[in-house]
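Understanding the architecture of this molecule
Residue-level listing of the chains:
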Amino acid sequence: SDLRTFITGLPKAELHLHIEGSLEPELMFALAERGGIALPYGSVEELRSAYQFSNLQDFLDIYYQGAAVLRTAADFHDLAAAYFARAAADGVVHAEIMFDPQTHTARGIPFAEVIEGLSAACAAAERDLGITSRLIMCILRHLDEADGFATLAAAAPYLDRIAAIGLDSSERGHPPEKFARLFAAAGALGLRRVAHAGEEGPPDYVVQALDLLGIDRLDHGNRALEDAALTARLARSGMTLTVCPLSNLKLCVIPSLDRHPIDRMLELGLRATVNSDDPAYFGGYIGENYHAVATARGLDRAALATLARNSFLGSFLDDDTVARHL
Ligand code: ADE
Ligand code: ZN
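Every value quoted in this text rests on a predicted model; they were computed, and no experiment measured them.

What to know about the overall build of the protein chain
Looking only at helices and strands, the protein chain has 17 helices and eight strands in total. Computed over C-alpha atoms, the radius of gyration of the protein chain comes to 18 Å, within 12% of the 20 Å expected from 2.2 N^0.38 for 326 residues, which places it in the range of a compact globule. By its C-alpha atoms, the protein chain is 50 × 50 × 40 Å across when sized along the principal axes. Across the 326 residues that make up the protein chain, the buried fraction comes to 49%. In the protein chain, the share of contacts with a sequence separation of at least 24, taken over all contacts with a separation of at least 6, comes to 75%.

As structure tokens, then:
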């Protein structure tokens, strides 16, 4: 349709994408076979039918299980190469990709296998597809602070390939304050800082992410809208929100897409962006996320262009490069 063509043709950056969440069932089975790993599902169809979640934790349980097929640098390369090919088809020209090293190092996979595979795919995407990228190393908040510090230490030889530290996994019961010292250490090493907050957790977790983690960008942030003063603060400071509509729907953060707050966020002056989060699990890549909110909320082309523009403004590209994309 016209709308889909318009959305695809909009140059855009993706700022909230977990590479492990782009693992399609077909590739999961192929990597399981390559690595001689048994999956607890008999077929791609059976696996897909398990993708029904009533909250974040339901999803995370299946997502961590799926990630167990990722073992070698070649596996991580192939995973990211598949994402880049799909993103290019949606008009993505820049991607800031999250990865969860602890999901792999906890299984005995060396940090080097993860980063070497991902960074090789990033270099190939720039060369072959013209997509620039950054890597964001996410810390699993359900694990303790010491595990986070060990992960930062493991990343030390690779800091030239890592743009930012992030915070993800089970939000409720794991407030940002738990990682205040880790984020201070990461900041001192020159890393940018992002955190998931206000996806399921309360507005106070967003306040903590700002005040205690020093975030440069807020992942999700939906529940910040419950607090008018916080919303005003986010708008005033030009904070970018990486919003993920199909994720919000599948994880029951919203009851239906026609209740998605994306247009309210823009009206409130928030620098909102649209992203796919975990597209293999939530039913659509970035173009599908733009299309879903455009149709459910009646966004016009100017609003879609604003969302795409915001994705460059909120990126970690240097100012001159951002200006070239606007
Ligand atoms: N890890 C992968 N996707 C996530 C999400 N939407 N929230 C928290 N942790 C995640
Ligand atoms: Zn996420």
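Structure shown, so let's carry the discussion forward.
Looking at the site of ligand 1
Close contacts around ligand 1 come from H18, G21, L56, D168, S169, H196, E199, S247, D277 and D278, and that covers them all. Residue composition of the shell around ligand 1, by class: one nonpolar, five polar and four charged.

Quick notes on the pairing of strand β1 (residues 12-18)
With seven of seven residues buried, β1 lies mostly within the body of the structure. Taken together, the five bridges between β1 and strand β2 (residues 92-99) define a ladder with parallel strand orientation. Across the sheet, E14 pairs through a bridge with A95, a residue of β2.

Quick look at the environment of R4
The residue R4 is located in helix α1 (residues 2-9) in this model. Separated by 284 residues in the primary sequence, R4 and E288 have C-alpha atoms spaced 8.5 Å apart.

What to know about unusual backbone geometry
Phi is positive for H220, which is not a glycine, with a value near 75°. Tracing the sequence through the fold places H220 in strand β6 (residues 217-220). With 27 C-beta atoms counted inside 10 Å, the residue H220 sits in the buried group. Of note, the phi angle at D277 is positive, near 65°, even though the residue is not glycine. With respect to the secondary-structure elements, D277 resides in the loop between β8 (271-274) and α14 (279-282). Residue class for D277 comes out buried when judged on the 30 C-beta atoms lying within 10 Å of it.

Brief notes about helix α8 (residues 145-155)
When we look at burial in α8, the residues that qualify are G148, T151, L152 and A155. In an axial view of α8, the angular spread of the buried residues amounts to 100°, which keeps them on one side of the axis. Among the exposed residues of α8, those oriented more than 90 degrees off its buried face are A146 and A153. On the buried face of α8, the contacting elements are α6 (101-105), α7 (111-129), β3 (132-140) and α9 (180-188).

So, the environment of R161
Of note, R161 is situated in the loop between α8 and β4 (164-168). Using a count of 16 C-beta atoms within 10 Å as the deciding quantity, one classes R161 as partly exposed. Along the primary structure R161 and R236 are separated by 75 residues, whereas in three dimensions their C-alpha atoms are 31 Å apart. Apart from residues no more than four positions distant in its own chain, R161 is found in contact with I115, S119 and L135.

Here we look at the nonpolar core
One finds I19, A80, F99, L118, L135, I136 and A209 to be the most contacted residues of the largest nonpolar core, which totals 92 residues. A per-element tally of this core places α7 first, with seven residues. In contact with L135, other than residues within four places in its own chain, are I97, F99, L118, S119, C122, R161, I162 and A163.

Details of the UniProt feature "site: Important for catalytic activity" (unreviewed entry) in the protein chain
Within this structure's numbering, the places UniProt gives as "site: Important for catalytic activity" (unreviewed entry) are H220. With residues near it in sequence (within four places) discarded, H220 still touches H196, A197, G198, E199, T242, V243 and C244.

Points about the UniProt feature "binding site: Zn(2+)" (unreviewed entry) in the protein chain
The UniProt entry lists H16, H18, H196 and D277 under the feature "binding site: Zn(2+)" (unreviewed entry), expressed in the numbering used here. A maximum C-alpha distance of 11.8 Å among these annotated residues, which run over 262 residues, shows that they cluster at one spot. Excluding anything up to four places from it in sequence, H16 contacts D219, T242, C244, N275 and D277. Ignoring any residue separated from it by four or fewer positions in sequence, one finds D277 in contact with H16, L17, H18, G21, C244, S247 and F282.

A few points about the pairing of strand β5 (residues 192-197)
By the criterion of burial, β5 is predominantly enclosed, with five of the six residues buried. Where β4 lies against β5, two bridges are found, and the strand directions are parallel. Paired with A164 across the bridge in β5 is R192. On the question of chirality, the crossover connecting β4 to the parallel β5 by way of α9 is right-handed. One ladder, built from four bridges, connects β5 with β6; its direction is parallel. When the bridges of β6 are listed, H196 appears paired with D219. Read as a crossover between parallel neighbours, the route from β5 over helix α10 (residues 203-211) to β6 is right-handed.

Rules of the game
Residues numbered from 1 in each chain as written. Chains lettered and ligands numbered in written order. Predicted model: local features only at pLDDT ≥ 70, side-chain atom pairs only at ≥ 80, totals over all residues. Helix = DSSP H or I, 4+ residues; strand = E, 2+ residues; numbered from the N terminus. Rg over C-alpha atoms; globule rule 2.2 N^0.38 Å. Buried ≥ 20, exposed ≤ 12 C-beta atoms within 10 Å, placed from the backbone. Contact = placed C-beta atoms within 7 Å. Near = placed C-beta within 6 Å. Nonpolar A, V, L, I, M, F, W, Y, C, P; charged D, E, K, R; others polar. Pairing = 2+ DSSP bridges. Arc of directions from axis to C-beta. Core = buried A, V, L, I, M, F, W, Y, C linked by C-beta atoms within 7 Å. UniProt positions renumbered as here; feature names shortened; annotations may be inferred. Right-handed = clockwise from strand over helix to strand, strands pointing away.

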